Amino acid sequence: MNAAQVLNGVALGSLLMVLSSGLAMIYGLRGVANFAHGALYMSGAYIAYTVSDRFNFWLAILLVPLALAVIGVVLELVFFRPLQHRSHIELGLITFGLALMAERIVVLIWGERTLRVTPPEILQGTTTLLGVEYPTYRLSIIVIALALAAALVLWLRGSRVGLHIRAASQDIETAGIMGVNVDRVSLIVVSLGCALAGLAGTLAAPYIALDPGMGNAFLITVLIVVVVGGIGSIGGAMVAGMGLGVIQTVSTVWSPSFAVVVPYLALTIVLLWRPTGLAGKRVS
Amino acid sequence: MKRQVVAAAVALAMGSTLAACGSASENSGDGGEGGPIKVALIPPTSGALAQFGTDAVKGWETAVRLANEAGGVDGREIELIVKSTDADPATTLRVAKEAVTQDGAQFIGAVMTSPEHAALNAQLEGLGALSFNALGKDDALVGEQCSPYAFHVVQTSSMDINALASSLSELPGDKWAIQAVDYATGHGAAEKFKAAAEEAGKEIVLEQFAPLDTTDFGSYITKIKDSGADAVFAVEYGADGVAFVQQADQFNLDNQLETVLGFNMVSEPLFETLGDTIEGYFNNVGYDVDGDNTENQEFVDAYTEDHGAAPYYVPADNYLAAQTLFAGIEEAGSADPADVSEALGDLSFDSIVGAVTVRAADHQVLRDSYLGEVVKDGKALKFSIQSNATPDVTTPEPDSACSM
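Thresholds applied
Residues numbered from 1 in each chain as written. Chains lettered and ligands numbered in written order. Predicted model: local features only at pLDDT ≥ 70, side-chain atom pairs only at ≥ 80, totals over all residues. Helix = DSSP H or I, 4+ residues; strand = E, 2+ residues; numbered from the N terminus. Rg over C-alpha atoms; globule rule 2.2 N^0.38 Å. Contact = placed C-beta atoms within 7 Å. Pairing = 2+ DSSP bridges. Axes fitted to C-alpha atoms, helices over the stretch in contact; angles between N-to-C directions. Nonpolar A, V, L, I, M, F, W, Y, C, P; charged D, E, K, R; others polar.

Remarks on the overall build of chain A
- A tally of regular secondary structure across chain A gives 12 helices and two strands.
- Going from N to C terminus, chain A has its helices and strands arranged as α-α-α-α-β-β-α-α-α-α-α-α-α-α.
- In summary, chain A has a C-alpha radius of gyration of 18 Å against a globular reference of 19 Å for 284 residues, a match within 12%.
- For chain A, the C-alpha atoms occupy an extent of roughly 55 × 45 × 35 Å along the three principal directions.
- Of the contacts formed within chain A by residues at least 6 apart in sequence, a portion of 79% connects residues at least 24 apart.

Focus: the sheet that holds strand S11 (residues 348–351) of chain B
Residues and elements named next belong to chain B.
- Read from one edge to the other, the open sheet built from three strands follows the order S11-S12-S13, with strand pairing classed as antiparallel. Two strands close off the open sheet at either side, each with one partner strand: S11 and strand S13 (365–366).
- Sheet topology note: the S11/strand S12 (residues 354–358) ladder contains four bridges and is antiparallel. Each bridged residue has a counterpart across the sheet, and for phenylalanine 349 the counterpart in S12 is valine 356.

Some remarks on the sheet that holds strand S14 (residues 369–377) of chain B
Residue and element names in this part refer to chain B.
- One open sheet accounts for seven strands, arranged S7-S6-S8-S9-S10-S14-S15; its pairing is mixed. Each end of this open sheet is capped by a strand with a single partner; those strands are strand S7 (203–210) and strand S15 (380–389). Mean inter-strand twist for the sheet, computed between neighbouring axes without regard to direction, equals 25 degrees.
- For strand S8 (residues 231–235) and strand S9 (residues 259–262), the ladder comprises four bridges, and the chain directions are parallel. Residue pairing for S9: alanine 234 is matched across the bridge by glycine 262.
- Lying over the sheet, helix H6 (residues 184–199) contacts strand S6 (175–181), S7 and S8, oriented at roughly 165 degrees with respect to S6.

Description of the interface of chain A and chain B
- The interface is formed by 26 residues belonging to chain A together with 28 residues belonging to chain B.
- Of all the secondary structure elements, the ones that give two or more residues to the side of chain A that touches chain B are helix H1 (3–30), strand S2 (132–135), helix H10 (234–254) and helix H11 (256–259) of chain A.
- A total of five residues in the side of chain A that touches chain B trace back to one element, the largest contributor, which is H1 of chain A.
- Of the residues belonging to the side of chain A that touches chain B, the class tally is 12 nonpolar, nine polar and five charged.

Shown next as structure tokens:
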């Protein structure tokens, strides 16, 4: 095992970390398994394609999360809030339907052929790190994801809104009784979760090939990450995302066929050993 | 009243069944002697293959336009009936039955995938219609799944890989890594390539298979770099192929390699997406747009005039399918599917890919295959043909499992 393979694992883990933290936030607060999260990530990647094609990639990193945050506001106001007293399965099915619609809309706008996004010139080529030549773009994903994770944890632990989010994620009704504006908190969480999906899509666009099925490919892995991390725990999802990325990459080096079952194996082991996930009830 | 309704329903059902049986056995519909010869096209119009489906129809449209302008085939006009499928074998079969029994089509084209062809071949004799396969490459279609009513116009996977294998000794690079999809075609191609490499005196330093729908090739590319390979044989399709090429570029893998040889990995529809990264890549090529014969020049001019762009292998192979059908009708002097099928056995004719022969034993069209290098043509990319392999080199002996 050389340093390049470890970095491969950390790069994949970084992407999973960004994607799963958004899903974990929404699940923690709304209790909804958002099956549209993969579609949001895919939509983010396609919007990033157009923005970076017409303008540049840096603008895409700014604009796409904002655009997805607006979609998050719509999701919260049109679906999650009015339907909050319906069963979680019904809401889950609605998000599943939304994901199917999003996929068709993407096909109608961008077509079905595979697309590719070129990283900005400064991030092209390789950089020598730990004695190995490694793609600069992948290193930048790692840096962005780790910085984002640190900022998110600091914000959740150090700010008043973060305190409210943690309180509402523990028990939304009690938090409401204690004076927390849970509607406002929920709006922030859902839009932030969607923005993180958009950011993950933007970061992934030059990393992998864009096709309308790309969201589905990641959704199952990300759902597993959230369960392994501890349902609703943002910190747990981050740790689990990074861990799974590294383990999956390492197992790919030894046996690609075995690597396919690694996420499911991890899920089974964690659920047997620690049914509440790695982080238990802790949110951040 | 209730009894009358039941009786009417039974009569209607029996009537429909009888009508369907009658159409299936006669299948002449409106296309009897003197009327137009009807060809049903059943391309996928949704899903990842929709673009190929559209382009397959374009190839047939140009062929039919030229044929009808020249007075028809055997004096009769050709009429296209364009249907659609989602590339699911069950859907395609249902649409094919509808085209034959209700629309009166006697010939079928533009069906896309090998599983669709396998399902269709099993039913062709019962339908009494001929199918011309210009897209499905599975060897079994001219093996155990062959049919006296099916014609395999496109090269099989074996023909493609044999064409590459025959050119291997000419390619730079002595230490080869094999990067293939973990699928039957990937393993089959890797086996054939290894045998050819051994014959050409090349060393295989790494052989690895990635599951279908792999998004991150980082660990595979790192292993190729670590293996010391100076050439790569890559069998990755669609989005997997794009991801592999893109990530290999990010890892600067090309700097270490003298040759990247793709098997069905890079093709004209992907040139714009893959960009200049693939300049210098080698790949098998089924059709040479610059083919120097009058048939091809006429086709390229007419297709460009009809559709605003030069053809690539999908419309070209479908045009060749139409040429095969028209040659069979002319030879038979009839549009009766059984007569056409018999006339096509061992028939040779001039086509857009030069002189071809329909092998009677399995209905494989014997044609050249090529090795192409991706080169710059102004701002765009194109294949420059490096070598061609004749069918006696590429085409395996007829499979004994195929009985006509």
